[in-house]
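# Summary of structural features
Take a look at the letters that make up each chain.
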Amino acid sequence: MSFFRDRFLSLSEPDSREGMMSPPVFFYRLPTLETADLILRKPVMKDAKDIFRYASDPEVARYVLWEPHRSLAETKSFVRFLRSRIRAGYPSSWVVTLKETGTVIGTVGFIWYSDENRSAELGYSYSREYWNHGYATQALQAVTGAVFRSLPVNRLEAQHDVRNPASGRVMEKSGFRKEGILRSRILNKGEFVDTALYALLRSDWEKDQR
Ligand SMILES: CC(C)(COP(=O)(O)OP(=O)(O)OC[C@H]1O[C@@H](n2cnc3c(N)ncnc32)[C@H](O)[C@@H]1OP(=O)(O)O)[C@@H](O)C(=O)NCCC(=O)NCCS
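Residues numbered from 1 in each chain as written. Predicted model: local features only at pLDDT ≥ 70, side-chain atom pairs only at ≥ 80, totals over all residues.

Let us look at the overall build of the protein chain. Secondary structure assignment for the protein chain yields eight helices and eight strands. Summarising its shape, the C-alpha atoms of the protein chain cover approximately 45 × 40 × 35 Å along the three principal directions. For the protein chain, the residues scored as buried account for 34% of the 210 residues in total. Long-range contacts, defined here as pairs at least 24 residues apart, represent 57% of the contacts in the protein chain between residues at least 6 apart. (Helix = DSSP H or I, 4+ residues; strand = E, 2+ residues; numbered from the N terminus. Buried ≥ 20, exposed ≤ 12 C-beta atoms within 10 Å, placed from the backbone. Contact = placed C-beta atoms within 7 Å.)

This paragraph deals with the nonpolar core. Counting 45 residues, the largest nonpolar core has Val 96, Val 108, Leu 122, Ala 139 and Leu 140 as the members making the most contacts within it. Broken down by element, the residue count for this core peaks at eight residues, all from helix 6 (residues 135-150). In this view, Val 108 contacts Leu 40, Ser 93, Trp 94, Val 96, Leu 122, Tyr 124, Ala 139, Leu 140 and Val 143; residues no more than four positions away in its chain are not counted. (Core = buried A, V, L, I, M, F, W, Y, C linked by C-beta atoms within 7 Å.)

Within helix 7 (residues 165-173) the residues assigned to the buried category are Ser 167, Val 170 and Met 171. Seen from one end, helix 7 has its buried residues packed into an arc of 100°, which puts them on one side. Turned more than 90 degrees away from the buried face of helix 7, the exposed residues are Pro 165 and Ala 166. In the segment just after helix 7, Gly 175 is the residue with positive phi, at about 95°. (Arc of directions from axis to C-beta.)

Contacts to the ligand come from 20 residues, most closely from Tyr 126, Ala 136, Thr 137, Ala 166 and Arg 169. The set of elements that each furnish at least two residues to the shell around the ligand consists of strand 5 (119-126), helix 6 and helix 7. The element contributing the most residues to the shell around the ligand is helix 7, with five residues. The residue makeup of the shell around the ligand, split by class, is 11 nonpolar, eight polar and one charged. (Near = placed C-beta within 6 Å. Nonpolar A, V, L, I, M, F, W, Y, C, P; charged D, E, K, R; others polar.)

To continue, consider the packing of helix 3 (residues 48-55) against helix 5 (residues 72-87). Pairs of packed helices are described in terms of their axes, by the angle between the two and the distance that separates them. Their axes nearest at 9 Å, the elements helix 3 and helix 5 cross at an angle of 115°. With respect to the hand of their crossing, helix 3 and helix 5 are arranged in right-handed fashion. Contacts from Ala 48, Lys 49, Ile 51, Phe 52 and Ala 55 of helix 3 reach helix 5 at Leu 72, Thr 75, Lys 76 and Val 79. (Axes fitted to C-alpha atoms, helices over the stretch in contact; angles between N-to-C directions. Left-handed = near helix turned anticlockwise from the far one by under 90°.)

Of all the residues in helix 3, the buried ones are Ala 48, Ile 51, Phe 52, Tyr 54 and Ala 55. In this fold, the buried residues of helix 3 make contact with helix 4 (58-61), helix 5 and strand 4 (104-114).

With respect to the secondary-structure elements, Thr 144 resides in helix 6. C-alpha of Thr 144 to C-alpha of Gly 175: the two residues are 31 residues apart in sequence and 9.5 Å apart in space. Ignoring any residue separated from it by four or fewer positions in sequence, one finds Thr 144 in contact with Leu 156, Ser 174, Leu 200 and Trp 205.

Turning next to the pairing of strand 4. In this structure, strand 3 (residues 93-98) lies alongside strand 4, joined through five bridges in antiparallel fashion. Each residue of the ladder has a partner; that of Val 95, found in strand 4, is Thr 107. Between strand 3 and strand 4, which pair antiparallel in sequence order, lie five residues; one of them, Gly 102, sits at a positive phi of approximately 80°. With eight bridges connecting them, strand 4 and strand 5 associate as antiparallel partners. Across the sheet, the residue bridging to Phe 110 is Leu 122, located in strand 5. Counted along the chain from strand 4 to the antiparallel partner strand 5, the turn is four residues long, and its residue Arg 118 has a positive phi close to 50°. (Pairing = 2+ DSSP bridges.)

This is a description of form; function is not addressed.
Structural data, given as structure tokens:
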């Protein structure tokens, strides 16, 4: 079944593969995930204020493919975009909130999803105020767990600009294995940059659960 063509039809159908959820149902429901310090949930419009605070920080945007947000209106468009994808049963992102305060400190989600190859790429970004507390790692582990438990995915990828080793640490701490350097892989802010490609296979993840 073609994922995109039949997404509406399959919104009401379970996935027959290994008792997993149909991907559009998963993306539509985007289940709330909980870790020691965080709640990952669907974005709502009022999250835009917290997101704008960090997404307007050039340091946060330095190694990602988006430009720093210049206005709250721009962030609202971003949140609207995430929400519209969820409503359509397309891959989108969770907002990551601090359990204690409810503050939105980042987002984590799907860069792409391939039903054909049963694979996906994950990406994330967090407010500078909250870096180096282990939050990105907690959230990535929660997402990989949810994906492998609910979706018929075999391979999860993540990649980072080689000048951004902290992101590679997050991947490593979440069980991803480095596969290599992709030369001039992305055009980031006018510059071709190398990325490090990491992947976590279902078999790696299952081994870590034992
Ligand atoms: C990269 C990013 C996601 C890390 O988030 P975080 O919440 O600080 O991550 P964690 O605290 O879970 O782990 C960070 C790890 O990187 C390490 N680290 C931090 N700066 C580092 C550096 N310059 N070089 C190497 N490792 C570094 C930390 O020591 C920690 O590892 P440790 O637990 O082994 O000590 C965050 O800095 C961020 O959002 N940056 C901006 C957006 C971005 O770059 N997103 C990733 C795109 S691929």
